[in-house]
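Observations on chain architecture
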Amino acid sequence: MQAQRFQDSDDVSASGYTPTRMQEARPSVKKLEGLSGWGRYPTADTAGIRPEKARDLAPVEGRCLARGLGRAYGDAALLSMGTMLLTERLNRFLDFDDQTGVLRAEAGTSLKDILDAMVPQGWFVPVTPGTKHCTLGGCIASDVHGKNHHRDGTFSAHVPRFSMVLADGTIVQASPIENPELFWATCGGMGLTGVVTEAELKLVPVETAYMKVWHVRSQNLDKTVALLTDPGYDAQYTVAWIDCLAGGSRLGRGIFMAGEHAKKSELSLRILNPLNPPAKGTKPFPVDLPGWALNPMSIKSFNWLYNWIQGSRKEFICSYDQFFYPLDGIHDWNRMYGKRGFLQYQFVLPMRTAFQGTKEILERLSKNRKASFLAVLKRFGPQGQGMLSFPMEGLTLALDIPFTEDLLPFLDGLDDIVMRHGGRIYLAKDARMKPEAFRAGYPRIDEFCDIRKRYDPEGKFDSNLASRLGLCR
Amino acid sequence: MQVSKGPVLIAGATSGIARAISNELAKEGHPIVLAGRDESELQRLASDLSIRTGTEVHTALFDASDPATHPLLLMEASAKAGKLEGAVLAFGYLGDQQLAQTDWQEARKILELNFVSAASLLHVLASDMETRQTGWITVLSSVAGDRGRMSNYVYGSAKGGLTVFLQGLRARLQKSGVHVMTVKPGPVDTAMTFGSDKLPLLADPGDVGAAIVKALKRRKDVVYVPSPWRLIMFVLRTVPEKVFKKTSL
Ligand SMILES: Cc1cc2nc3c(=O)[nH]c(=O)nc-3n(C[C@H](O)[C@H](O)[C@H](O)COP(=O)(O)OP(=O)(O)OC[C@H]3O[C@@H](n4cnc5c(N)ncnc54)[C@H](O)[C@@H]3O)c2cc1C
Ligand SMILES: NC(=O)c1ccc[n+]([C@@H]2O[C@H](COP(=O)([O-])OP(=O)(O)OC[C@H]3O[C@@H](n4cnc5c(N)ncnc54)[C@H](OP(=O)(O)O)[C@@H]3O)[C@@H](O)[C@H]2O)c1
């Protein structure tokens, strides 16, 4: 059938009425009351549109902000006085080159979409945060890092190019060569330069869907940091869990965890289909637990694990889901923290001050026992080129803390330590930092704001995070 | 059907529910013909499906509201993918009940697209499959067709008409070994319902698509998705008209 006929019938049909195309209608706006990030604090009453087709992903009247799967913890993906552009339905794979591994897909494509389809074909995502329920757009805008940052850098290092729609509705391509300033302002730019509509991601080949993992116990911070930095222990993926309650000589004790993608030859012969592990369903988290519930729970499991790890090196094989996404197995686990939600606090300190600063902060945490329980320590490699990108060469520590009244002043105290040591706090996880702490941590902010001004002079793209931090005043 | 993995036509392939159905069928290895009126979107959906599942995917243009294009659609689909094993009809138009009460063009569009257009395409598909004595047809009707309600009776009556049409067609075609399944979804979280705050508990289109394909494999005649809607509609149908007319449902 020819396109001609199609167009004719689109004008006036035989029956005499003009069929109006659905997409010509104004997009339906939905009220989004009490919308929040993953930490459930803070919330905002706002509204959003949810395009089903990529061409309908465009700025609307007034202010707006793209939102992926809402896995940023605080207010990065919130805009009270404006319209959220929900990208979650825009997840089509558009192109895949099995020579180079480059996948081009719509911005709302999640890492889960990619893993589900591509792992069986022998490909893995190059960088992944601790959840696979996050979108390409969100991973670019937060320039996310994974357990392999020390080797492979951030997400944007694996994004050859993307398309975005700007404040005036024009569509542009950006890459490290084409519109490089826009590219590096957008990687880590928290959605404030425009909306990513499509992106390329260079996948990495894997032989199996399994990981070879080993755990090492460490008695104190010296040992933990040594494990993270000693080339003898290094692996593609490394991270350490820290027991925040331990103090004194055991301050910073923890479990070092390292992993590599398992080769076919390393798997037991019982695994018949190395690229297709049996699917495991996720269990929904049924109710909001009272705020105190998580503490004893996670401390117990930490102690259990700590005691279980006997010798110096326990090696085992597990699925990539178990290694990268232990929390994704419990759907809506953020509800464990109850209605008041929780804060996630993540900072990075440059190598030269990292040990001293981390020690000071761990001392604070172990003294203030009710604040925290478990933290994740990780070594970062060299800083990338994203202007507001979080990682810098050094050590990063991330904690989940249930919300209590005295938490905010406590965290302000931690911010002071971070600032004094030349560090910064991660925007994708922040819900409360003060403008001074932000300015101190992100020295390229003025450069960022110049570019943002050029592409979005009226500040169409905005967020509650940006207003709170006075990002580009 | 467990063994054969013949081509399936998806009419109205850009619909949210259709996308989930196409995905399930493609994963099982059926070649897919995505049909609709939005050419560029069909191309994107085709790339998506073929990269994700590795299956053979074609596209075909047709306008549901123009019955003259329906025989051509069947020809084009069969020419591209081969004789059809199955067809899914997913196009639909919810429209605006308030507007339809004052603007006949809106009412007519709702009635024509959901009933006349569907019947026209079914007419074409039925005689093809009847002649070949094989195949299956799955059609998205709606719970709205189970009882006329103040808030959406124009749409509801078109879907109700479609449901009755399918009952008859099922009886006619079963003699030729052709299976017809009527799907009655409750409210699903797609473009059709997005933003209307009246609707409670929207089902996820992915879950709905999976449930439909599962029912298809079991050769169900009528399926409610999600399944509790069978009971809800049963109860709703038993309320006497005297009482029902006073509700504002
Ligand atoms: C359990 C868990 C573990 C995590 N672990 C890590 C980790 O290890 N490392 C790490 O770096 N992060 C981690 N995160 C944070 C998470 O990876 C980031 O917040 C990520 O941005 C979430 O993606 P999203 O699609 O949900 O984006 P959202 O949360 O919806 O949005 C995040 C930001 O991206 C912007 N954005 C979204 N889509 C677009 C678009 N299309 N165009 C432009 N801007 C857009 C938003 O405006 C917002 O500023 C973790 C989060 C959770 C819940
Ligand atoms: N969503 C629900 O709550 C719900 C409940 C019960 C039943 N249903 C039924 O389920 C089916 C799918 O609905 P959905 O929710 O997935 O809706 P949807 O996403 O809004 O899809 C509607 C589809 O109909 C197509 N269409 C409309 N007019 C057309 C025409 N003239 N020619 C060709 N295609 C046309 C649209 O194509 P374009 O992309 O070109 O616009 C689109 O693909 C419909 O039959 C609907 O009535 C839905």
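**A short note on the site of ligand 1**
Residues and elements named next belong to chain A. Taken together, 34 residues sit near ligand 1, with Ala66, Gly68, Ala72, Thr135 and Tyr426 positioned nearest. In this structure, Ala72 approaches ligand 1 through a main-chain N or O atom, which is 2.8 Å from an oxygen atom. Take Gly130: an N or O atom from its main chain is 3.0 Å from a nitrogen atom of ligand 1. Coverage of ligand 1 by the protein chains reaches 96% of its 960 Å² of free accessible surface.

**Some words on the sheet that holds strand E3 (residues 64-67) of chain A**
Two pairing modes exist for strands in a sheet, parallel and antiparallel, and in both the strands are linked by backbone hydrogen bonds. Residue and element names in this part refer to chain A. Taken in spatial order, the four strands make up an open sheet running E1-E2-E4-E3, and their pairing is mixed. Of all the strands in the sheet, just strand E1 (30-36) and E3 have a single pairing partner and so form its edges. On average, each strand axis in the sheet is inclined to that of its neighbour by 40°, with strand direction left out of account.

**What to know about the pattern of salt bridges**
Residues and elements named next belong to chain A. In total, this model carries 41 salt bridges over all chains according to the counting rule given. A salt bridge links Asp415 to Arg432, with the shortest nitrogen-to-oxygen separation between them at 2.6 Å. Of this pair, Asp415 sits in helix H10 (residues 407-420) while Arg432 sits in the loop between strand E21 (424-425) and helix H11 (435-441), and the two are 17 residues apart along the sequence. The exposure class assigned to Asp415 is buried, which follows from its relative accessible area of 2%.

**Let's talk about the interface of chain A and chain B**
Contacts between chain A and chain B engage 38 residues on the former and 34 residues on the latter. Both faces considered, chain A and chain B share a buried interface measuring about 3,300 Å² in area, 50% of it formed by carbon and sulfur atoms. The interface formed by chain A and chain B includes eight salt bridges. Secondary-structure elements contributing two or more residues to the side of chain A that touches chain B are helix H1 (3-11), strand E2 (43-49), strand E5 (93-97), strand E6 (102-106) and helix H2 (111-118) of chain A. If you tally residues by element for the side of chain A that touches chain B, the top one is H1 of chain A, at five residues. Considering only residue class, the side of chain A that touches chain B consists of 16 nonpolar, eight polar and 14 charged.

**With respect to a positive patch on the surface**
Together, Lys214, Arg218, Lys220 and Arg230 of chain B make up a region of like positive charge exposed at the surface. Take Arg218 of chain B: its relative accessible area is 53%, and that puts it in the exposed class.

**Remarks on the packing of helix H1 (residues 16-27) of chain B against helix H7 (residues 205-217) of chain B**
All names here are of chain B. It is the contact of H1 with H7, at a shortest axis distance of 8 Å, that shows an interaxial angle of 55°. Here H1 is positioned oblique relative to H7, judged by the angle of their axes. In the packing of H1 onto H7, the handedness of the crossing is right-handed. Of H7, the residues touching H1 (which contributes Gly16, Ile17, Ala20, Ile21, Glu24 and Leu25) are Pro205, Gly206, Val208, Gly209, Ala210, Ile212, Val213 and Leu216. Per-class residue counts for the contact of H1 with H7 are ten nonpolar, three polar and one charged.

**Concerning the confidence of the model for chain A**
All names here are of chain A. Per-chain confidence: chain A averages 88 in pLDDT, with 86% of residues scoring 70 or above. Low pLDDT, under 50, characterises residues 1-24; the predicted model gives this stretch 47 contacts beyond four residues in sequence or across chains. Below pLDDT 50 for its whole length, residues 289-297 participates in 14 contacts with residues either more than four positions away or in separate chains.

**Some details on the site of ligand 2**
Near ligand 2, the surroundings consist of 28 residues, among which Lys53 of chain A together with Thr14, Tyr155, Val188 and Thr190 of chain B are the closest. Near ligand 2, residues from chains A and B are present, making the site a shared one. Side-chain polar atom of Thr14 of chain B to an oxygen atom of ligand 2: 2.5 Å apart, as the coordinates give it. Contact distances for ligand 2 include 2.9 Å between an oxygen atom and a backbone N or O atom of Gly16 of chain B. Here ligand 2 has 880 Å² of accessible area as a free molecule, and 96% of this is covered by the chains. Taken together, the residues that form the shell around ligand 2 break down as twelve nonpolar, eleven polar and five charged.

**Examining the packing of aromatic side chains**
All names here are of chain B. The final tally for this structure, using the stated rule, is 17 aromatic pairs over all chains. Arranged with centres 6.3 Å apart and planes meeting at 85°, the rings of Phe115 and Phe165 form a pair that is edge-to-face. With Phe115 in helix H5 (residues 104-132) and Phe165 in helix H6 (residues 153-174), the pair connects residues that are 50 residues apart, well separated along the chain. A relative accessible area of 30% means that Phe115 is categorised as partly exposed.

Definitions and limits used
- As a convention, each chain's residues are numbered from 1 in the sequence order in which they are written.
- Throughout, the order in which chains and ligands are written sets their labels, letters from A for the former and numbers from 1 for the latter.
- The model is predicted, so local features are restricted to residues of pLDDT at least 70 and side-chain atom pairs to those at 80 or more, both for listing and for counting; the totals for chains, interfaces and linings are taken over all residues.
- With hydrogens and water stripped out, all remaining heavy atoms of the structure feed into the side-chain values.
- Whether a residue is near a molecule or strand depends on its heavy atoms: it is near if one of them lies within 4 Å of it.
- Polar contacts here mean pairs of N or O atoms no more than 3.5 Å apart (in protein, one a potential hydrogen donor and the other a potential acceptor; neighbouring residues in sequence count only if both atoms are side-chain atoms).
- Computed by Shrake-Rupley with a 1.4 Å probe, the accessible areas treat only the displayed protein chains as cover when residues are assessed.
- Pairing between strands is defined by DSSP: at least two bridges between the two strands are required.
- Note on conventions: DSSP H or I runs of at least 4 residues are helices, E runs of at least 2 residues are strands, and numbering of each starts at the N terminus.
- Simply put, an axis is a line fit to the C-alpha atoms, just over the touching stretch for a helix, and the angle between two N-to-C directions goes from 0 to 180 degrees.
- One speaks of a salt bridge when a side-chain nitrogen belonging to Lys or Arg is within 4 Å of a carboxyl oxygen belonging to Asp or Glu.
- Here the term buried applies to any residue with accessible area under 20% of the maximum for its type, exposed to any over 50%, and partly exposed to those in between, with areas from a 1.4 Å probe on protein chains only.
- Throughout, a residue-residue contact means that at least one pair of heavy atoms, one from each residue, lies within 4.5 Å.
- Joining two parts hides part of their accessible area as seen by a 1.4 Å probe, and the buried area is that hidden amount summed over both.
- Side-chain classes follow a simple rule in which Ala, Val, Leu, Ile, Met, Phe, Trp, Tyr, Cys and Pro form the nonpolar group, Asp, Glu, Lys and Arg form the charged group, and the remainder, Gly included, forms the polar group.
- Residues forming no salt bridge and having over 30% relative accessible area are the ones grouped into patches, like charges within 9 Å of each other and nonpolar side chains (Val, Leu, Ile, Met, Phe, Trp, Tyr) within 5 Å.
- Positive charges come from Lys and Arg, negative ones from Asp and Glu, while His and the chain ends are left out of the count.
- Lys charges are placed at NZ, Arg charges at CZ, Asp charges at CG and Glu charges at CD.
- For classification, angles of less than 35 degrees are called roughly parallel, those exceeding 145 degrees roughly antiparallel, those between 65 and 115 degrees roughly perpendicular, and all remaining angles oblique.
- Handedness of a helix crossing follows the sense of rotation of the near helix relative to the far helix, less than a right angle counterclockwise being left-handed and clockwise being right-handed.
- The quantity known as pLDDT measures the predictor's confidence residue by residue, on a range of 0 to 100.
- In summary, the pairing rule links any two rings of Phe, Tyr or Trp, Trp by its six-membered ring, whose centres are within 6.5 Å, and it sorts them by plane angle into stacked for under 30 degrees, edge-to-face for over 60 and tilted for everything else.

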